[in-house]
Each structure stands twice: as structure tokens, then as C-alpha cells.
Amino acid sequence: MIEVKHLYKAFGEKEVLKDINTVFENGKTNLIIGQSGSGKTVLMKNLVGLLDPTSGQVLYDGRDFVAMSKKEKVFMRREMGMIFQSAALFDSLTVLENVMFPLDMFSNMNLRERQQRAMDCLDRVNLVGAEKKFPGEISGGMQKRVAIARAIVMNPKYLFCDEPNSGLDPKTSLVIDDLLHSITQEFQITTIINTHDMNSVMGIGENIIFIYEGQKEWQGVSSEIMGSTNHRLTDFIFASDLLKEMRAAITSQKPMG
Amino acid sequence: MRNKIFCVSLHPKYKKMLLHKWLTTFGRYVILMGRTFSVPERMRMFWKQYVKEMAQLGVDSIGIVLLISFFIGAVICIQMKVNIQSPWMPRWVAGYTTREIMLLEFSSSIMCLILAGKVGSNIASELGTMRVTQQIDALDIMGINSACHLILPKILGLLTIMPFLVIFSSAMGIVGAYATAYIGHIMAADDLTLGLQHSFIPWFMWMSIIKSQFFAFIISSVPAYCGYSVEGGSVEVGKASTDAVVTSSVLILFSDVFLTQLLS
């Protein structure tokens, strides 16, 4: 479980995050949603320590990450996995070497064990057969799956995903969403996904936090969104005419025309 | 006079800003080097990277170093023979001056200036691309000291391979000079040999190697800083690559003056 208490972040005079208080639960897919520039990525960067908050606390199962020393943070980070928007695979390494990389750095396994573990993770994301390819030789969806395999290879307790579906077609996005959801439940990890993909929100949103202009505007589950009266949330969710029509149909209990 | 006008025209506020920018950049460079020179997390991975960087930065540069050294050695020998030698000078003077130029300046300073272009842009663009594609962030998230993991093998790899490049360059320059004698028949090979052997001071070889070590550090660390600290996209990576080459070339030229004075 990750608990955020009174988190503020400012860049110079500009306050980007204002008094964020929330809890990201264990074994659930926690989604952070909001418009571009609302502060989602800054919030995630504060959670993983790529940025230092101006004030506030980030508690990982009660351990305050912000107050930790550099050395403690390094050890803490070994319990985290992260999937970046661009997948951030190492270009010079093959798919297998990318997945093995955290094991090479931190585990005491021998080469055969490391390869076996990496292959198990590639199998988990349905990528057996691509292990000898380089990131430049595989599709965007496959790159994301390699990134997922690399993120879970060390059995992390906390998994962070920054817009994992960006640049992917709807079908591949669903595959990635299902994968993240099943991994979260299988390994009982705390997964935080930063997204503005409505399919993800409705499909796997077990705990959704809506950020508006740096503030937490709304928190709930996907089933509550349709009936929400928060106009900022509904403006964001039902931005397209199609979704507005869907909502009208659902609220009036009439079939869509 | 021109300097005076320049000083008068530059507002003190801008001078202060410029100084602040330079000091900030220098401070960040020192902090990055502090992070770089730490004990690697996993020595096995470090050695792997170290050997890879030696091959990529050093061994892959041997071809261009040999090619340029050969032709420069040949051209210097021809120039000396045609323009310097006269009946009033001994016949070995062309060989002697060729050796001194190759050994004292070309094989260390000029070769490092050439390498600043090849190796420097390579390092800056590689690290810059890693930065903008979040690969460096990925390392940081894993709890790895990304500066040490990426930059230290490059610096140590280039420092290790540089003396070999200096020796190869000097040797190839001499081969180039002999080519003018044997193929171009510009001068007698015996005269060239006499000149190459005349008043040889072994310290000059060491001086060249010592200078090249300083230059190797500049060539690897300055572009590494430029690439590592990129913010933005492909345009900024390109700019960092250019900055890396320009800055390291200027620093090599400045330090060459001091090192030559110090070591001579």
C-alpha cells in the first residue's frame, strides 16, 4: 500500500501539485487520470523519487520515502518496477538481455538461472520467440510487453506505469491492460497506472484518482464514474460526442439510437 | 581596444548572468563526476561495459587515426623537404622536424581534437538519446547509479586505450614519411632515417602520452556531461552533441598550452 499525505510540488513560483492525499491499495490497479498538464506525471515522478516533493509524505507500507537517505532510497527502489511511456528499453541489448538486466545487477543467481527467470517473465507476457531481437526490431506493443517483463522480473511490490497504452491501437491496449491487471492480482502488488485511456479506466479501474489542475478532484471506482455528479470529471470523461451519447443512453436506460 | 569596447558594451548584469551560468555548469559537471567516480554496483557488469567501451571508443577509432596519421606524416615530410630544407641546412632536417611534430603535437593534441569530433559526438548523442527516451530514468528507478554505470566505463575505457592510439599514430606518421621517400622519391630514405634518429629524447614520447591522458578525460567526460544533462527532444540532443565537440575541442586547446608549458 502506498499512502500520500499532503503532497505539494512547485517548480519555482508555479505549484503543480497541491495537497494531494490518497491511498493506493495493494493488489488493485490504481489509476491516476486527468487532462494533459494536470500533474499526473509529476505526481508519479514524486512517488518514485525522480522528483522531490516540496512538502508532504509518500509512505510505502508505512515507510516514508521522502525522508529516506539516498542509500535507503536505492534499496527501496529495488522493490519498485516501472513501465515508461516510451517503454525505455535499452537499445543496445536484446529483449532477453533487457529483461535479465535487473537480475544481472542485483541478483546472485548464476547465468542459467537468470536466463530461466527472464524467459519465464517473457513467457508470462507471451513473448517467447522474440528474446534474441533488439527493441528496434519489435512493435510498440511488444516493446511495452518487454517493459512489463523487465518490471516484474525482480518480483516488485510496487509497479508504476506511465501511460502504458499511449501510441498503441485499441486491441493492443486491451492486451496490455489485461496483462497489468492479471499481474497485479497474481502477485498482489500495488500497481499505479497513469493514463487518459478511457478503455483502461472503465476496464481495469479498481481505484481511480482524478487530478484536476494539480489537485485531487475525485476518487472512486469505474462503476461510480457514470453516475458521478462532479462536472469536471464528467467533462473530462465524456469529452467525445460518442461517450456523451452512451452516457445519455445509460442514464435514461434507453438503447442507443 | 576591441576588448575594451566589448567590456564596456556588456552590461554588468549580463556579465554576472554569464558568470553565474558558467559556474552553475561547472558545478553540475563536478557533481556529475562525483557521482561517476564511485564504486560500481556490480563489478561483473562494469568489466563488461568497460571492455565494450574500449572497443567502441578506442579500437573502432584505430582506422581513422592510422589513416589521418599516415597522410599527415607524409604531408609534413613533403612540406619540410620542399619549404624548409636548403643547402644551408643538414639533409636530415625534414625527417627530424617530421618526427618532432608528429611526436610532440600531432599524435597527442591534434589526434585528440579529431577524436573529440568522433568520440565526443558519439558519447553525447548516445547519452542524450538515452536521457530523452527515459532509459537513464529507468536505470535510476531500478536503484542503479546511472552516472557510474554509463559514464565511468567510457572514461576509463578511453583512458586505457589512448596511449595505444598515440603510439599507433606516431608510428603511422613515420610510415607516411617513409612513403614519401620510397614511393614519392621526395628524399633519400637514409636521410629520413638519420633525421628520425637525430637527438631523440624518449621523454617526448612520455610527454605525448601524459598529455593524451588529460585529453582523453576531457573527450570522454565533457561530452558525457553534455549528453547526460540533455532536457527536451532530438533537437536538444543534436545541440548537446555540437556543444560537446566544441567545448571539448576548446578545452583541449587551452589545456594543451598549459600542459606543454608544464611538461617541457
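Residues numbered from 1 in each chain as written. Chains lettered and ligands numbered in written order. Predicted model: local features only at pLDDT ≥ 70, side-chain atom pairs only at ≥ 80, totals over all residues.

Caption draft 1: Structural context of the overall build of chain B. Along the backbone of chain B there are 10 helices and 0 strands. Within chain B, the fraction of its 264 residues that count as buried is 42%. Across chain B, the fraction of contacts at a sequence separation of at least 24, relative to all contacts at a separation of at least 6, is 85%. (Helix = DSSP H or I, 4+ residues; strand = E, 2+ residues; numbered from the N terminus. Buried ≥ 20, exposed ≤ 12 C-beta atoms within 10 Å, placed from the backbone. Contact = placed C-beta atoms within 7 Å.)

Caption draft 2: Geometry of the interface of chain B and chain A. Chain B puts 13 residues into the contact, and the matching count from chain A is 15 residues. With 5 residues, helix H6 (residues 135-141) of chain B is the single largest residue contributor to the side of chain B that touches chain A.

Caption draft 3: Representation of the sheet that holds strand S5 (residues 63-64) of chain A. Residues and elements named next belong to chain A. Spatial ordering of the open sheet is given by S2-S1-S4-S5, a layout of 4 strands whose pairing is antiparallel. Pairing within the sheet leaves two strands with one partner each, and these edge strands are strand S2 (14-24) and S5. Bridging between strand S4 (residues 55-60) and S5 involves 2 bridges; their strand directions are antiparallel. Counterpart to Leu59 in the pairing with S5 is Asp64. Lying on the sheet, helix H1 (residues 40-48) is in contact with strand S1 (2-11), S2 and S4; it crosses S2 at an angle near 65 degrees. (Pairing = 2+ DSSP bridges. Axes fitted to C-alpha atoms, helices over the stretch in contact; angles between N-to-C directions.)

Caption draft 4: Structural context of the environment of Arg91 of chain B. Its location among the elements puts Arg91 of chain B in the loop between helix H4 (62-84) and helix H5 (93-132). Placed 21 residues apart in sequence, Arg91 of chain B and Phe70 of chain B show a C-alpha to C-alpha distance of 22 Å.

Caption draft 5: Geometry of the domain arrangement of chain A. Residues and elements named next belong to chain A. Under the domain assignment used here, chain A contains domain 1 (1-79 + 156-237) and domain 2 (87-149). Relative to domain 2, the C-alpha centre of domain 1 lies at a distance of 25 Å. Taken together, the contacts link 9 residues of domain 1 with 7 residues of domain 2. Split into classes, the residues belonging to the side of domain 1 that touches domain 2 amount to 6 nonpolar, 2 polar and 1 charged. (Domains from an automatic or database assignment. Nonpolar A, V, L, I, M, F, W, Y, C, P; charged D, E, K, R; others polar.)

Caption draft 6: Structural view of helix H5 (residues 140-152) of chain A. Residues and elements named next belong to chain A. In this model H5 runs 19 Å from its N-terminal to its C-terminal C-alpha over 13 residues, within 8% of the 18 Å that 1.5 Å per residue would give. Along H5, 10 of the 13 residues are buried, which leaves the element largely enclosed by surrounding structure. Among the residues of H5, Gln143, Lys144, Arg145, Val146, Ala147, Ile148, Ala149, Arg150, Ala151 and Ile152 are the ones counted as buried. Looking at the buried side of H5, the elements it contacts are strand S6 (80-83), helix H3 (95-106), helix H4 (111-124), strand S7 (158-162) and helix H6 (170-187). (Expected span 1.5 Å × (residues − 1).)

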